[in-house]
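Chains, contacts and geometry: an overview
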Amino acid sequence: MNIRRMQTDILIIGGGSAGCMAAIRAKEIAPEINICIWEKADFKYSGSIARGMDALNIVCIPNLSDPDLYLEAIQSGCKGVVDSDPSYVMAQRSYDLLKKLEKWGVRFIVDKKGNYRTLQYHVKGRFQTAMDEPDLKLILAQKVLEKNVTILNRIMGISLLKDGDQISGAVGMNTRTGELIVSQAKTVILCAGGQARFNLPNSGYLYGTFDYPGNSGDGFIMGLDAGAKLTGMEYCSSVNLIKDASMPLLAITVTRGGRVMDCFENVIMEGAVNRIDEMNKAVDEGRGPLRISLKHLPEETISEIEHILFTCERPVQERFFRNRHIDFRTHDIELWPTEVQLCGGHGMSGIRVDENAWTGIYGLYAAGDVACVPKQHLTGAFVFGEIAAENAVKVTKNINDVCVDEKKILSILNKKESRENNLDKNIDIKEFEYKVRRIIGDYIPSPKNEYKLHRWLEWSKVFKNDLEMKVKIEDGHDLARLYEIEHIIRCADCSAVAAITRKESRWGDAHFRSDYPETDNQNWQKHVLVLQGDKYENLDTTTAPVSGLNQKEIFHEN
Amino acid sequence: MRIDDSSIRVDRDTCIACGICVERCIMDNLRLSVAPCRQACPINMNCQGYIRLIALGQEDMAIQQLLPFGPLLNFIAEKCTAPCEKVCVRKQKDGALHILELKRYLVKKYRDQLNTINVSEKKSNKTIGIIGTGISGLACGFKAIQSGHSVFFFTRSFDAGKKDNILDMIRKVLENFKAVFLNDKDLVDSSGQVRKFDALVLSSLEDQQLLGSEFKPVPENTHVDKISHQLHENIFCSDTGASKNNPVFEIARAFETIESVNRFLNNEPLDWGRGFYTQEGAVKAYKTDFRVGNDEPRIPMENVLGKMDADTAKKQASRCFSCGRAFEKNQTCWYCLPCELECPQKALYVDIPYLVK
């Protein structure tokens, strides 16, 4: 059998921000435990934060802001559909995290009095703490390497394995060669990112999006198959970012005094990123395109913005603006709605976890964009990486041995071999991905209605059949891509059934049902959960009340 | 819809086809087209790399390309039969590049720099026993020291009598890096127990006899695993019936063996990803069975050394066609730039494609 096998105690799927932090934390508290990381790209620069970062969006600095205030802000931002415990715990631990990162040499911007530079990103409170660290991922990777962790590059997770009700490992695939690998593991921490390859970007390319396009919802689908519950899949978030380039800049420019204006020069936001909904509304009402103006800022601030934009997160922006002859001193930056993404870190879709990063399945934890701790950003990935590791270590110590499910491995191998077989197949894989994502863009994002969403479900059946029977592949890369497209299709299924279930409109543009245009707090201020049914094609949905001990009165805008 | 607009530009003059950008590519977009000389090399040495660098007048950088082979280069430069020159593209036109001569030129000129070992920053507290101090054993020891392990050599009684200047030179370098040389009798202590190591490497299958009755020898008809070189648990053998035509194959086997040892000590699957890079244009990283003809031994190194000086070397090197280079294969660029950042030659430029520009 063409399958490689390995054994480890804790398997971390995904070596980005959350995965690195989980590995470091686990080794800190239990150096004797074997840890293995599977990374889809190359570990040194990988994940959504492939290079550096300009800020930690959520830090509760003592005497300046506190977790209760953050909870208020996030509950308002999520219109009440947020479990308070995870968000509260994250805010509580955020300052310790900042101190830890600072100790590792991550540079936070401090003024002469020794205070951190804070910026307003949320509706209330100044939680965003500025950072100037172009080599953040490098620092993390170095820390992991020092801890003697096994790292396997170019592996994407395909499926989790279970031993009874307990997690016993995972099956992965080499994204270059298409080899399968099976790892037996006592606990698994899923850090495989969100779904950033949903509908098509408007640039005309399949890739080149806001989030790392390697995040194709692998984690969602692995969790779903293993029995975890997905929440918030109907939240199709779209942000207004640089036209054509879709690169992040709102938090960097606006918090430093930039103005977001509509085409009639009405100022929507200035100095704080607190009215994202208003931006979407302005575009919907035909007041777009929006733009960011920095002209009025002093030279000092503009060069600071340039420095951060051009070095930290996506340095390629320098090239982009230079090509277009855009100088922030004289020109505005045009914004345009990006493609939709399903993401636990910036949106609110993902595997539902509690404050222990536990998914509800014995031995399975989730952290980062794959888990739903709404709008947790980088802080959440780091904090929940740590939390997941702490709990996984505890559980690992109680487990003696686990068996992998040989039958399931065999069925995965058979499926892979049939997909590799090119006989009578004639659809080009790029064309296939293009069409799938075009159709997703047609039917899934707002405005939604029951008819449209059902249309997608019909298309989905066609696509799943084509994927097995008609799409031809050339090499291992294409095979891995075929699996990614399968995950994209299945994420769209989840999004569609969740949207059908939620018979109301909420979160502005992210979930607007033209057949139920009103927000119904009475009946729908709760989670819509998606579960895998008894068969591959079947998805079940249920609803669950929002939980949490610090439940505050929900803050309604206006 | 098929938009194959390439956004990554590789400068052919300066690219040394080292493959770092391919390793770094986050979207698995880049691939390396490997130059024939490198494909033919048993130890996958980047000939194009150091030749291009000589041609560009950057000999200090050229040495960096050779450093991973350290003192073994003394042996390679002397004994290699240069399969690279047999496949050189230039051969069709006006005769193959004198690749081996250029290597010898560098080895002679920078011998002091090469007779050292860059030990990995990642410290290991593992001990490795190696039986045999021929080139195979020494190459194993070199690679193990490079990986940060402590190495104990056991000189076989029939090795001890042989006198070889090159091997002695390598041995001295290893000794400087704390390798311990013992007699094979020391392998078994006074109570008859074989000394314990985290991993044990035999340079010949026959060395099994030294392990005594406690270790069950492999039945004669089974071979050592060709990819992983594993014999039994933590015992490895670097001898898998290598081609005797080119002694450099011994070094290739040794490197593969230590790669397996490292994976074994690190709990990784031994054969994962090895021998599978067979797709067109992919890096052939662990190739073992590429042989080019039967080669006759070359003129001894010392006799030719005087011929090559800096100018002729540069002139000779600039004949190189630079066949290998990185290229964009899958059109999946995310413009994240680590490829550009890590390129040692700054030969790669990520442009923004027309549709986004």
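Residues numbered from 1 in each chain as written. Chains lettered and ligands numbered in written order. Predicted model: local features only at pLDDT ≥ 70, side-chain atom pairs only at ≥ 80, totals over all residues. Heavy atoms only, no water.

A look at the overall build of chain B
Summing up its helical and strand segments, chain B has 16 helices and 10 strands in all. Relative to its 357 residues, chain B shows a buried fraction of 54%. Entry remark: accessible area of chain B is about 16,100 Å², with carbon and sulfur atoms responsible for 50%. (Helix = DSSP H or I, 4+ residues; strand = E, 2+ residues; numbered from the N terminus. Buried < 20%, exposed > 50% of the residue type's maximum accessible area, 1.4 Å probe, protein only. Areas by Shrake-Rupley, 256 points an atom, 1.4 Å probe, with all protein chains shown as cover.)

Some thoughts on helix 13 (residues 248-265) of chain B
All names here are of chain B. Between its first and last C-alpha, helix 13 extends 26 Å over 18 residues, near the 26 Å set by a 1.5 Å rise per residue. With 13 of 18 residues buried, helix 13 lies mostly within the body of the structure. Looking at the residues trailing helix 13, positive phi occurs at Asn267, about 70 degrees. (Expected span 1.5 Å × (residues − 1).)

A closer look at the sheet that holds strand 4 (residues 118-119) of chain A
Residue and element names in this part refer to chain A. The strand order across the open sheet built from three strands is 3-5-4, with neighbouring strands paired in antiparallel fashion. Only two strands of the sheet have a single neighbouring strand rather than two, namely strand 3 (53-56) and strand 4. By the bridge criterion, two bridges tie strand 4 to strand 5 (residues 128-133) in an arrangement that is antiparallel. Within strand 5, the position partnered with Leu119 by the bridge is Gln128. (Pairing = 2+ DSSP bridges.)

Describing the interface of chain A and chain B
Each partner contributes to the interface: chain A provides 60 residues, whereas chain B provides 48 residues. For the chain A and chain B pair, buried surface summed over both sides reaches about 4,700 Å², with 55% attributable to carbon and sulfur atoms. It is Arg176(A), Tyr205(A) and Arg319(A) in chain A that bury the most area against chain B; as a group they hold 17% of the surface buried on that side. Among the ionic pairs, Asp475(A) bridges to Lys329(B), the shortest N-O distance being 2.5 Å. For the pair chain A and chain B, the interface holds 20 residue pairs in polar contact (both at pLDDT 80 or more). Those elements that provide at least two residues to the side of chain A that touches chain B are strand 1 (3-13), helix 4 (136-146), strand 6 (150-152), strand 9 (180-190), helix 9 (317-323), helix 12 (429-443) and helix 14 (476-501) of chain A. (Contact = heavy atoms within 4.5 Å. Buried area = accessible area lost by both parts, 1.4 Å probe. Salt bridge = Lys/Arg side-chain N within 4 Å of Asp/Glu carboxyl O. Polar contact = N/O pair within 3.5 Å; in protein donor to acceptor, adjacent residues only side chain to side chain.)

Here's the deal with the pattern of salt bridges
Residues and elements named next belong to chain A. Tallied over the full model, the rule gives 63 salt bridges over all chains. Between Asp332 and Arg291 there is a salt bridge, with the nearest N and O atoms lying 2.6 Å from each other. Here Arg291 lies in strand 14 (residues 291-293) and Asp332 lies in the loop between helix 9 and strand 15 (333-337), a separation of 41 residues in the sequence. Arg291 gets classed as buried once you look at its relative accessible area, which sits at 18%. In this structure, Arg513 engages Asp515 in a salt bridge whose closest nitrogen and oxygen atoms are separated by 2.9 Å. By relative accessible area, Asp515 is classed as partly exposed at 32%.

A short note on the confidence of the model for chain A
In the predicted model, chain A carries a mean pLDDT of 90, and the fraction of residues at 70 or more is 98%. Confidence over residues 549-558 of chain A falls short of pLDDT 50; this stretch has 19 contacts with residues more than four positions distant or in other chains. (pLDDT = per-residue confidence, 0-100.)

A closer look at the packing of aromatic side chains
Counted by the stated rule, this structure contains 17 aromatic pairs over all chains. Ring centres of Tyr212(A) and Trp334(B) lie 5.4 Å apart, and the angle between their planes is 55 degrees; this geometry places the pair in the tilted category. Linking Tyr212(A) in the loop between strand 9 and helix 5 (218-226) with Trp334(B) in the loop between strand 9 (325-328) and helix 16 (338-342), this pair reaches from one chain into another. Arranged with centres 6.4 Å apart and planes meeting at 40 degrees, the rings of Phe310(A) and Phe321(A) form a pair that is tilted. Residue Phe310(A) is found in helix 8 (residues 299-311), and its partner Phe321(A) is found in helix 9; the two are separated by 11 residues along the sequence. Look at Phe310(A) and you get buried, because its relative accessible area is 18%. You can call Phe321(A) buried: its relative accessible area is 2%. Taken together, the aromatic side chains of Phe310(A), Phe320(A), Phe321(A) and Phe328(A) make up a single cluster linked through ring pairs. The cationic tip of Lys243(A) hangs over the ring face of Trp336(A); the distance from NZ or CZ to the ring centre is 4.2 Å. (Phe/Tyr/Trp six-rings, centres within 6.5 Å; stacked < 30°, edge-to-face > 60°. Lys NZ or Arg CZ within 6 Å of the ring centre and 35° of its normal.)

Let's talk about the pairing of strand 19 (residues 526-532) of chain A
Residue and element names in this part refer to chain A. Here strand 10 (residues 230-231) runs beside strand 19; their pairing, made up of two bridges, is antiparallel. Bridging across to strand 19, Leu230 finds its partner in Val530. By the bridge criterion, seven bridges tie strand 19 to strand 20 (residues 539-545) in an arrangement that is antiparallel. Considered in strand 20, the bridge of Val530 is made with Thr541. What sits between the antiparallel neighbours strand 19 and strand 20 is a turn of six residues.

Topic: the packing of helix 1 (residues 17-29) of chain A against helix 3 (residues 84-103) of chain A
The relative placement of two packed helices is expressed as an angle between their axes plus a distance between the axes. All names here are of chain A. The contact between helix 1 and helix 3 brings their axes to 14 Å, and the two run at 90 degrees. Considering their axes alone, helix 1 and helix 3 lie roughly perpendicular with respect to each other. Residues Met21, Arg25 and Glu28 of helix 1 form the contact with helix 3, whose own contacting residues are Leu97, Lys100 and Leu101. Taken together, the residues of the contact of helix 1 with helix 3 break down into three nonpolar, no polar and three charged. (Axes fitted to C-alpha atoms, helices over the stretch in contact; angles between N-to-C directions. Parallel < 35°, antiparallel > 145°, perpendicular 65-115°, else oblique. Nonpolar A, V, L, I, M, F, W, Y, C, P; charged D, E, K, R; others polar.)

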